[in-house]
Structures are given as structure tokens and as C-alpha cells.
Amino acid sequence: MRSRSGLWRVAELPTTREGVERAFSYFTAGVRLGTVAQMVPAVQLGAERAPHDAAYLACWGAAS
């Protein structure tokens with residue numbers, strides 16, 4: 001699967017069950033990466049203010 005630019009494969013997803021599953025997996029990965037990107041700026045401040053910094057970091061790691 002090569003698109004016009006050769007870099008973006010999402011544009012050529014087939015309309016079969018496999019294509020829908022691939023598109024959904026791209027969507028899920030994007031949502032998860034977006035969540036982690038929003039969490040990153042707060043991790044240092046949160047660890048400094050948390051009463052148990054190791055537990056905070058463990059929860060942050062599980063959430064990410």
C-alpha cells in the first residue's frame with residue numbers, strides 16, 4: 001500500500017473488515033498518544049506535590 005506521497009498509508013485503507021480494524025487501531029493509538037502528551041507536562045509537578053511520589057509515578061505509568 002503506497003499512497004501518492006509514499007508516507008501516509010491511512011488514505012488507502014481498504015473498506016473491508018481488516019481495513020476497519022486497522023483504522024480503529026490507528027484511532028486508538030492516536031487517542032492514547034494524545035492522552036500521554038497531555039499528561040507529560042504535569043508529571044514533574046505532580047510528583048513533587050504528591051504525598052507519595054513513588055505511588056504517584058506508578059499510577060502515572062499505569063495510566064500511560
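The preceding data block contains the structure.
Residues numbered from 1 in each chain as written. Predicted model: local features only at pLDDT ≥ 70, side-chain atom pairs only at ≥ 80, totals over all residues. Heavy atoms only, no water.

Peer 1: Which residues make up the overall build of the protein chain, and what values do they have?
Peer 2: On a plain count of helices and strands, the protein chain comes out with two helices and zero strands. Each of the 64 residues in the protein chain was classed as buried or not, and the buried ones make up 9%. Sequence separation of 24 or more characterises 10% of the internal contacts of the protein chain that already satisfy a separation of 6 or more. Only carbon and sulfur atoms are counted for the fraction: they give 62% of the accessible area of the protein chain, which is about 5,400 Å². (Helix = DSSP H or I, 4+ residues; strand = E, 2+ residues; numbered from the N terminus. Buried < 20%, exposed > 50% of the residue type's maximum accessible area, 1.4 Å probe, protein only. Contact = heavy atoms within 4.5 Å. Areas by Shrake-Rupley, 256 points an atom, 1.4 Å probe, with all protein chains shown as cover.)

Peer 1: Explain the packing of aromatic side chains residue by residue, including any values.
Peer 2: Think of a pair of aromatic rings as described by two things: how far the centres are apart, and how the planes are tilted against each other in angle. This structure, assessed with the given rule, holds one aromatic pair. Note on phenylalanine 24 and phenylalanine 27: the rings are 6.4 Å apart at their centroids and 35 degrees apart in plane angle, and the pair reads as tilted. On the criterion of helical spacing, the pair formed by phenylalanine 24 and phenylalanine 27 is a turn pair, its members being three residues apart in helix α1 (residues 17-49). For the pair formed by phenylalanine 24 and phenylalanine 27, the shared burial category is exposed. (Phe/Tyr/Trp six-rings, centres within 6.5 Å; stacked < 30°, edge-to-face > 60°.)

Peer 1: So what's going on with the packing of α1 against helix α2 (residues 53-63)? Residues and values would help.
Peer 2: Where α1 meets α2, the closest approach of the two axes is 10 Å, and the angle between their N-to-C directions is 165 degrees. For the element pair α1 / α2, the angle class is roughly antiparallel. When you trace α1 past α2, the crossing you get is right-handed. Residues Met39, Val40, Ala42, Val43, Gly46 and Ala47 of α1 pack against Asp53, Tyr56, Leu57, Trp60 and Ala63 of α2. Of the residues in the contact of α1 with α2, the class split is nine nonpolar, one polar and one charged. (Axes fitted to C-alpha atoms, helices over the stretch in contact; angles between N-to-C directions. Parallel < 35°, antiparallel > 145°, perpendicular 65-115°, else oblique. Left-handed = near helix turned anticlockwise from the far one by under 90°. Nonpolar A, V, L, I, M, F, W, Y, C, P; charged D, E, K, R; others polar.)

Peer 1: Describe α1, naming the residues involved and giving the relevant values.
Peer 2: Taking 1.5 Å per residue, 33 residues should reach 48 Å; α1 reaches 47 Å between its end C-alpha atoms and fits that length. In the structure, α1 departs most strongly from a straight axis at alanine 42, where the bend amounts to approximately 45 degrees. Three or more residues of α1 are buried, namely Gly19, Met39, Gly46 and Ala47. (Expected span 1.5 Å × (residues − 1). Bend = angle between axes of the 7 residues up to and from the residue.)

Peer 1: So what's going on with the environment of valine 43? Residues and values would help.
Peer 2: By the element assignment, valine 43 lies in helix α1. Along the chain, valine 43 and tyrosine 56 lie 13 residues apart, while their C-alpha atoms are 8.8 Å from each other. Leaving out residues up to four positions away in the same chain, valine 43 has contacts with Tyr56, Leu57 and Trp60.

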